[in-house]
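Fold and geometry: a report
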Amino acid sequence: MTGQRMEAPLQTNEEGRDMAAPLLSIRNLTTSFRNDGQWSPVVRDVSFDIRARETLAVVGESGSGKSVTAMSVLRLLPPASSRIEGRITFDGKDLTALSDEAMRAIRGNDIAMIFQEASLNPVYKIGFQLAEVLVEHRAMSQTEAQAESVRLLDRVRIPSAKNRLDAYPHNLSGGMRQRVAIAMALACQPKLLIADEPTTALDVTIQAQIIELIKTLQQEDGMSVLFITHDMGVVAEVSDRTVVMYRGELVEADTTAEIFSRASHPYTRALLASIPHLGSMRDRDAPLSFPLVDHQTGAVSEPKETVARPNQQAEPLLAVRGLKVRFNIRSGILGGVSGRVHAVEDVSFDVKPGETLSLVGESGCGKSTTARAIMGLAKYEDGGITFNGKPLAGLTGQEQLARKRDVQMVFQDPFASLNPRMTVGQALSEPLAFHTSLSRAGIRARVYELLEGVGLHPDMASRYPHQFSGGQLQRIAIARALALEPKLLIADEAVSALDVSVKAQIVNLMIELQERLGLSYLFISHDMAVVERVSHRVAVMYLGEIVEIGPRQAVFGNPAHPYTRELMSAVPVPDPQRRATETRVPARELRSPIRAPDFQAPKRMMLEVGPGHFAQADSDGIVTQLTSLAETAAQTRQPRLAAE
Amino acid sequence: MLASLLHRVFQAALILVAMTVIVFIGVNVIGNPVDILISPQADQAERARIIAELGLDQPLWRQYLAFVSNALQGDLGTSYIFNQPALEVILQRLPATLELAVFAMLIAILLGIPLGLYAGLRPESPISRTIMAGSILGFSLPTFWVGMLLIMVFAVQLGWLPNGGRGETVTVLGTQWSFLTVNGLTHLFLPALNLALFKTSLILRLTRAGVREVMPQNYIRLARAKGLSNRRIIFVHALKNVLIPVVTVVGLEFGSVIAFSVVTETIFAWPGMGKLIIDSINVLDRPIIVAYLMIIVVLFVVINLVVDVAYTLLDPRVRLDGTKGA
């Protein structure tokens, strides 16, 4: 095992390197924070090396100490409330022993760092922020720095770089901002780049572009990369070696290939088991829960098969027809309408009882606005929403109340959606007290039942939200949504902010609840791999329109619309053997759905490419493309059917 | 930008019209100037003549229309007491108040921002705790009491500074200014300090809160990771973000220090507008009251506009029409 550990990086980098002296060497690093006068260690006894030109991934869930480790290397933690013990050697220098001044000369120069959000200062122009690094470390004049900034922006593939120097961060999209941050990090040709979750806040297509960019630049400059992430798919995509951290300790370190094929620590195995693999559901038509591995013992619980199938012949529980939501943009002295955001444009779909329909798409594609319109939180301009056979538009007050009971919502950030001053028990009993005529004792019994139903202990009812972890809070949010026995649950990115293993647990809970209570879900997510796991049917949204909708198996197995295919190819594959070699996604900015006030949305045609599987055909080229696809689909279906 | 500026001017005009109505009705409610202006010995014919001369025999709406049409020609009425155009009387006093206000604000900014920065960067240090405790005194001690205390200590007991008045003045551009002579400056110092005390505490606390909010931000962490010096991180990257809310408050406080420095001006016998308005209210000199309020309204509108423009310069995300950038 140790032998392989030494060999693998040799194979990936043929160029001669001094194997004896790693570029960065961390030995017995313990970082502690002071809380109320008490020192508590956040990172304990961590040791690892990074060699020249190597990419090392540090993975772990939130609170595992991976970011703190990186911050300790650069000594970015506040000196008053943090303490670093152990030895950190970089390029022959002991970083823990350097003076502040000498450390400053290394930051941004020999070791550069990029963060999750690009973290640019909102009140300064891009050019100013780029130039100051060059002036600081490379002693350039302002004019030289200006010219060099343009060159750097060119290197990170920012179109019309020269004009962007005068842009402010808010003028750029998230992906472009991250490119600027990378340009800034590369300004002094650092030997080591520390990337702390650089793609976590980005859409999958943009994430794929940024990862590709970092890999290319690494090859061009020959630098080492310390890549911090919680996403095993990203790890498989980028790293030579991987370090797994759990609760402040390093639990496993090996080559990435070894980690993925022969992980020895139970936690690593648990982490790997909970990663959704895109394409793993190819042969199933129903949702499947995740296998769970116990973090301590490594015992694997096999996923439970779902047996209930939604009846496709049943009347739809929710029917959306030609839904249009637009927001006016006003400007000028009289506040006239100068443009319109076509947030949702002619969207139609059904949700059957007991079915999960997923809405997928990048940020800004209108999926959340659709959910808000169904909840009655956003005004829609045109079209109709029918729930349980009754159109929403003409409901009486009583019927509206009933509809509110029947449709509930779970949001992305559970902490923000629970009142911090209310105990969990109060939060859960509030809807019960308002909507039902239960007695006090009855409400309490129901609250306990709800907590148990989502796998929590009834004692927890007296606690406040800040006393729970993110996963527990999301369980509580689900329990609250279930309090009134709704028929439809809208989950708006409900698992997106959670750690992988917690995400798997919550997804399993949702699948189990659907089986038990016959719930319907409208599952909104940008995470294709999770969507593949939970849905019966999938609708892909782009710029406010549904471009493809159909049974999950058909949409994932046989994507017809070019955008759907682009979205799928951007999902990182959690398998280091199947690493993509070239750019899979063309560098493209998310287009904007803002239109002139008199813009008439073109009439779209949906083409049936398979049974119940429709794709948008908006131009002649795509129509022919789709037609041929439909034909091949029909042909390939025939022999398969014959074989069965 | 230009469109929104025009929009603001239009708004300001509406505010002015509304203010004239309110002020006109207001001053009519507080008392009849005839009772004070005309000596009790005057006979009935004399009374009627003066009332007619002042236009006070007309119904209120006629008086108002006459005032508006005169005001549009730049005439805000003639003071009953000084027998001079009201505007002229006020403008004579304006420089005194203006230089007092500017000096007070300067002291407040020059003390408040550095102290606030220090207290925000080192919240635990004993000096910061002292600064913060001191700022509470600045808030809570009444101005008149502090003013009298200052006179007691510096003018009466120590004898270092004069106890009131404007001192020597120099005439520049047809108006008199104190701050150009040493003697004038010594007269200016105590009242300005008195006015600045509250403002300093306010700016100090705002700056400190801003620093505490800005320093943990990610862009500050990035600036550190870029290897910039502490000086540059604080004075370039943090300060501009900290100043955004401070600018708003400084603007508004500047307006209020001009309009409501009445107490301090009275205590230090400073011949500014504050003292004038108090005297005019006592003798019901309507034209002065009305003109004064009009000038204050214009002043506030202008200051707000300047603040808004300064805001857009500091924070590129804010545009003048009030919407946030994408």
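Residues numbered from 1 in each chain as written. Chains lettered and ligands numbered in written order. Predicted model: local features only at pLDDT ≥ 70, side-chain atom pairs only at ≥ 80, totals over all residues. Heavy atoms only, no water.

Moving on to the overall build of chain B. The helix and strand tally for chain B stands at 13 helices and two strands. Relative to its 326 residues, chain B shows a buried fraction of 40%. Sequence separation of 24 or more characterises 71% of the internal contacts of chain B that already satisfy a separation of 6 or more. A total accessible area of about 16,700 Å² is found for chain B, and carbon and sulfur atoms account for 67% of it. (Helix = DSSP H or I, 4+ residues; strand = E, 2+ residues; numbered from the N terminus. Buried < 20%, exposed > 50% of the residue type's maximum accessible area, 1.4 Å probe, protein only. Contact = heavy atoms within 4.5 Å. Areas by Shrake-Rupley, 256 points an atom, 1.4 Å probe, with all protein chains shown as cover.)

Along its length, chain A carries 21 helices and 25 strands. Look at the contacts in chain A between residues 6 or more apart in sequence, and 70% of them connect residues 24 or more apart. Carbon and sulfur atoms provide 50% of the accessible area of chain A, an area that totals close to 27,900 Å².

So, about the nonpolar core. Residues and elements named next belong to chain A. Phe48, Leu95, Ile111, Met113, Ile182, Leu192 and Ile194 are the most contacted members of the largest nonpolar core, which has 78 residues in total. Take this core: its biggest share by element is eight residues, from helix H7 (residues 174–186). Filtering out sequence-adjacent residues up to four positions away, leucine 95 remains in contact with Val73, Arg75, Ile88, Phe90, Met103, Ile106 and Ile111. By size, the runner-up hydrophobic cluster in this structure holds 60 residues, among which are Leu489, Val495, Val530 and Val534. (Core = buried A, V, L, I, M, F, W, Y, C linked by side-chain atoms within 4.5 Å.)

For any two helices packed against each other, the geometry comes down to the angle between their axes and how far apart the axes lie. All names here are of chain A. Running from amino to carboxyl end, helix H4 (residues 126–138) crosses helix H5 (residues 142–155) at an angle of 115°, the nearest separation of the two axes being 9 Å. Our pair here, H4 against H5, has a crossing hand that is right-handed. Across from Gly127, Leu130, Ala131, Leu134, Val135 and Arg138 in H4, the residues of H5 making contact are Gln142, Ala145, Glu148, Ser149, Leu152 and Leu153. (Axes fitted to C-alpha atoms, helices over the stretch in contact; angles between N-to-C directions. Left-handed = near helix turned anticlockwise from the far one by under 90°.)

So, about the pairing of strand E4 (residues 82–90) of chain A. Residue and element names in this part refer to chain A. Two strands pair when backbone bridges link them, and strand E1 (residues 24–35) and E4 are joined in this way by eight bridges, in the antiparallel orientation. Looking across to E4, one finds that phenylalanine 33 is bridged to serine 82. The turn joining E4 and strand E5 (residues 93–94), which pair antiparallel and follow one another in sequence, is formed by two residues; a positive phi near 55° is taken by aspartate 91. (Pairing = 2+ DSSP bridges.)

Our next topic: empty space enclosed by the protein. Taken as a whole, this structure holds three cavities of 30 Å³ or more when the rule is applied. The computed volume of the largest cavity comes to approximately 60 Å³. As for the largest cavity, its lining consists of A:Gly108, A:Ala112, A:Met113, A:Val133, A:Ala181, A:Met184, A:Ala185, B:Leu222, B:Ala225 and B:Lys226. If you list the elements that add at least two residues to the lining of the largest cavity, you get strand E6 (111–114) and H7 of chain A together with helix H9 (218–225) of chain B. Take the lining of the largest cavity: its biggest share by element is three residues, from H7(A). Considering only residue class, the lining of the largest cavity consists of eight nonpolar, one polar and one charged. (1 Å grid on protein atoms, 1.4 Å probe; cavity = no way out; pocket = protein on both sides within 12 Å on 5 of 7 lines; lining within 4 Å. Points joined across faces, edges and corners; volume = space filled by probe spheres on them. Nonpolar A, V, L, I, M, F, W, Y, C, P; charged D, E, K, R; others polar.)

What is expected of a backbone is that most residues other than glycine have negative phi and most peptide bonds are trans. All names here are of chain A. Phi at asparagine 28 is positive, roughly 50°, even though this residue is not glycine. Residue placement: asparagine 28 occurs in strand E1. Of note, the phi angle at aspartate 91 is positive, near 55°, even though the residue is not glycine. Relative to the helices and strands, aspartate 91 resides in the loop between E4 and E5.

As a further point, take the confidence of the model for chain B. All names here are of chain B. Taken over all residues, the pLDDT of chain B has a mean of 83, while the share at 70 or more is 97%. The element-level mean pLDDT for chain B is lowest in helix H2 (residues 33–37), coming to 72, with H9 highest at 91. Residue range residues 322–326 is modelled with pLDDT below 50. Its contacts to residues more than four positions away, or to other chains, number eight contacts. The ipTM for the predicted assembly is 0.75, set against a pTM of 0.77. (pLDDT = per-residue confidence, 0-100.)

All names here are of chain A. Tracing the backbone shows lysine 125 in the loop between E6 and H4. Along the chain, lysine 125 and threonine 297 lie 172 residues apart, while their C-alpha atoms are 52 Å from each other. Beyond its immediate chain neighbours, meaning those up to four positions away, lysine 125 contacts Leu165, Asp166, Ala167 and Tyr168.

On to the interface of chain B and chain A. Contact with chain B, which involves 25 residues of that partner, is made by 26 residues of chain A. Carbon and sulfur atoms make up 61% of the area that chain B and chain A hide from each other, which totals about 2,400 Å². Considering only the side of chain B, the residues that lose the most area to chain A are B:Arg221, B:Leu222 and B:Lys226, jointly responsible for 24% of the buried surface there. In this assembly, chain B and chain A are joined by two salt bridges. Where B:Lys226 meets A:Glu132, a salt bridge forms, and the shortest distance between an N and an O atom there is 2.8 Å. Put simply, the parts of the chain that give the side of chain B that touches chain A at least two residues each are helix H1 (2–29), H9 and helix H10 (230–259) of chain B. Taken together, the residues of the side of chain B that touches chain A sort by class into eleven nonpolar, seven polar and seven charged. (Buried area = accessible area lost by both parts, 1.4 Å probe. Salt bridge = Lys/Arg side-chain N within 4 Å of Asp/Glu carboxyl O.)

This paragraph deals with H4(A). Residues and elements named next belong to chain A. An ideal rise of 1.5 Å per residue puts 18 Å on 13 residues; H4 measures up with 18 Å between its terminal C-alpha atoms. Listing the buried residues of H4 in full gives Ile126, Gly127, Gln129, Leu130, Ala131, Glu132, Val133, Leu134 and His137. In the stretch just after H4, alanine 139 is the one whose phi turns positive, near 50°. (Expected span 1.5 Å × (residues − 1).)

Inspection of every chain in the model, using the stated rule, returns seven aromatic pairs over all chains. Consider the rings of A:Tyr124 and A:Phe128, whose centres lie 4.6 Å apart with planes at 15°: the pair is stacked. Using a relative accessible area of 12% as the deciding quantity, one classes A:Tyr124 as buried. Residue classification places A:Phe128 among the partly exposed positions, given a relative accessible area of 32%. Look at B:Phe24 and B:Tyr64: their rings are 5.5 Å apart centre to centre, the planes differ by 75°, and that puts the pair in the edge-to-face class. Here the residue B:Phe24 occupies a position in helix H1, and B:Tyr64 occupies one in helix H4 (residues 60–72), the gap between them amounting to 40 residues. The burial state of B:Phe24 is the same as that of B:Tyr64; both residues are buried. Here a set of aromatic residues connected by ring pairs shows up, and it is made of B:Phe24, B:Tyr64 and B:Phe67. Across from the ring centre of A:Trp39, 4.5 Å away, lies the NZ or CZ of A:Arg83, which sits over that ring. (Phe/Tyr/Trp six-rings, centres within 6.5 Å; stacked < 30°, edge-to-face > 60°. Lys NZ or Arg CZ within 6 Å of the ring centre and 35° of its normal.)

All told, the structure shown has 30 salt bridges over all chains when counted by the stated rule. The salt bridge involving A:Arg44 is made with A:Glu249; its shortest N-O contact spans 3.0 Å. Linking A:Arg44 in strand E2 (residues 38–50) with A:Glu249 in strand E10 (residues 249–255), this pair joins segments that are 205 residues apart in sequence. Take A:Glu249: its relative accessible area is 35%, and that puts it in the partly exposed class. Across the pair A:Glu132 and B:Arg232 runs a salt bridge, and its minimum N-O distance is 2.7 Å. Here the residue A:Glu132 occupies a position in helix H4, and B:Arg232 occupies one in helix H10, the pair thus bridging two chains.

We now examine the layout of surface pockets. When its volume is computed, the second largest pocket comes out at roughly 1,500 Å³. Those elements that provide at least two residues to the lining of the second largest pocket are E4 and helix H3 (100–106) of chain A together with helix H5 (86–121), H9 and H10 of chain B. A breakdown of the residues in the lining of the second largest pocket according to their chemical character gives 18 nonpolar, seven polar and twelve charged.

Residues and elements named next belong to chain A. Sheet analysis places E1 next to E2, joined by nine bridges and oriented antiparallel. Along E2, the bridge assignment pairs asparagine 35 with glutamine 38. Where E1 hands over to E2, the hairpin turn is made up of two residues, of which aspartate 36 adopts a positive phi near 50°.

The next thing to look at is a nonpolar patch on the surface. Residue and element names in this part refer to chain B. Together, Leu137, Leu141, Phe144, Trp145, Met148, Leu149, Met152, Val153, Leu158, Trp160 and Val263 make up a nonpolar patch on the protein surface, roughly 1,000 Å² of accessible area in all. Looking at which element gives the most residues to the nonpolar patch, the answer is helix H7 (residues 143–157), with six residues. Along the chain, the position of leucine 141 falls in the loop between helix H6 (126–140) and H7. Assessed through its relative accessible area of 32%, leucine 141 is described here as partly exposed. (Patch = residues over 30% accessible without salt bridge, like charges linked within 9 Å, V, L, I, M, F, W, Y side chains within 5 Å.)

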